Amino acid sequence: MRPVQSGMDLNLLAALDVLVEESSVSGAAARLHLSEPAMSRTLGRIRRALGDPVLVRAGRGMVPTPHALAIHAEVRAVVERARGLFTAAGRVDLRTLDRTFTVLAHEAFAAAHGAALFARTAAEAPGVRLRFLGESHLDAPSLRDGVADLEVGVIDTTAPEVHVEPLHEDTMLGVVRPGHPLLDGPVTPAAFAAARHVGVSRRGRLTGPIDAALAELGLARTTVGTLASYPAALFVLRSTDLVGLVPARSRGLADGLGLVTFEIPLDLPALRFGLAWHPRHDADPAHAWLRACVRERLSETP
């Protein structure tokens with residue numbers, strides 16, 4: 001157990017958050033509008049307070065220590081709660097806002113909407129940075145721990161400390177390359193099941209709702225493997241006779257690669273799409289602006 005000295009004030013916590021995120025004294029100095037010598041002195045104070053180096057040399061750069069990584073989520077949560085207290089009046093100057101938001105979402109969301117969100121951020125809040133994190137194969141309390149500020153997608157958490165806002169329902173479409181043999185005739189359940197499939201699963205699952213729907217008809221398909229994201233699967237489909245899937249609202253990704261989408265001839269459950277965040281962000285006007293950006297972008301997508 002490292003001895004922790006007194007004197008760790010909120011400014012040091014905010015600096016620690018940025019130092020670990022940037023893994024660079026110069027990068028943190030630029031973010032906090034400080035000189036590099038001043039940032040180095042701040043890092044020295046943090047090191048003395050924590051009894052830990054925080055950042056160490058690794059080749060030409062620096063990397064956080066295991067202890068710094070272990071406490072980073074908690075430090076960020078404390079900084080965000082404090083920020084919420086001082087911005088609870090519901091006002092924020094977007095033009096001067098200096099903040100990094102981490103959005104947890106499937107890669108298909110970032111691919112389909114990332115460009116528009118970056119453009120809006122540049123126009124309204126040029127000091128804001130967006131970090132898109134892909135969904136992990138592990139279930140972790142990313143919102144509670146402060147690893148992510150906002151989750152976008154099919155929200156399956158039942159954690160009472162997470163606020164969920166339903167947005168819309170989506171459906172899955174089948175995807176194949178142009179000229180695929182499956183398109184030579186009607187896409188019936190039997191023809192669909194007879195094709196060879198590739199799945200998309202962050203956990204690598206080979207079965208899902210489609211297999212359950214086929215089983216009710218006495219059918220089964222062959223899934224040759226899975227990929228972690230829809231964009232990766234779409235590139236595989238361009239060069240094979242495999243059949244894949246894409247959410248209907250992300251069909252533009254398939255269209256952009258010249259692929260053909262079709263309705264799946266099965267009765268499948270709807271995908272309930274929404275936003276999720278920790279309640280500590282409820283009164284944060286900057287976070288409310290981020291939620292509005294995502295909400296409005298998705299409402300514009302048919």
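Whatever comes next refers back to the structure up there.
This one's a predicted model, so the numbers in the text were calculated from it and none came from an experiment.

1. Regarding the sheet that holds strand 7 (residues 172-176)
1) Next: One open sheet holds the three strands; their spatial order is 10-7-11, and the pairing between them is antiparallel. The outermost strands of the open sheet, each flanked by one partner alone, are strand 10 (244-247) and strand 11 (260-263). Strand-to-strand twist in this sheet, taken as the mean axis angle between neighbours without regard to direction, amounts to 45°.
2) Next: As paired elements, strand 7 and strand 11 share four bridges and run antiparallel to each other. Within strand 11, the position partnered with Val176 by the bridge is Val260.
3) Next: Each of strand 7 and strand 10 touches helix 9 (residues 230-238); the most contacted strand, strand 10, lies at about 140° to it.

2. Some details on the side chain of Arg291
1) Next: Mapped onto the secondary structure, Arg291 falls in helix 11 (residues 285-300).
2) Next: We note that Arg291 is buried and unpaired, the nearest opposite charge coming from Asp282 at a distance of 5.0 Å.
3) Next: Excluding its chain neighbours within four sequence positions, the residues that come into contact with Arg291 are Leu150, Leu275, Trp277, His281 and Asp282.

3. Thoughts on the packing of helix 5 (residues 107-124) against helix 11
1) Next: At a closest axis distance of 10 Å, the pairing of helix 5 and helix 11 adopts a crossing angle of 130°. Taken together, the axes of helix 5 and helix 11 lie oblique to each other. Crossing geometry of helix 5 relative to helix 11 is assigned as right-handed. Counted together, Phe109, Ala112, His113, Ala116, Leu117, Arg120, Thr121 and Glu124 of helix 5 and Trp289, Ala292, Cys293, Val294, Glu296, Arg297 and Leu298 of helix 11 form the full contact between these two elements.
2) Next: Taken together, the residues that form the contact of helix 5 with helix 11 break down as nine nonpolar, two polar and four charged.

Quick notes on the rules
Residues numbered from 1 in each chain as written. Predicted model: local features only at pLDDT ≥ 70, side-chain atom pairs only at ≥ 80, totals over all residues. Heavy atoms only, no water. Pairing = 2+ DSSP bridges. Helix = DSSP H or I, 4+ residues; strand = E, 2+ residues; numbered from the N terminus. Axes fitted to C-alpha atoms, helices over the stretch in contact; angles between N-to-C directions. Contact = heavy atoms within 4.5 Å. Buried < 20%, exposed > 50% of the residue type's maximum accessible area, 1.4 Å probe, protein only. Lys, Arg positive; Asp, Glu negative; His and termini not counted. Salt bridge = Lys/Arg side-chain N within 4 Å of Asp/Glu carboxyl O. Parallel < 35°, antiparallel > 145°, perpendicular 65-115°, else oblique. Left-handed = near helix turned anticlockwise from the far one by under 90°. Nonpolar A, V, L, I, M, F, W, Y, C, P; charged D, E, K, R; others polar.

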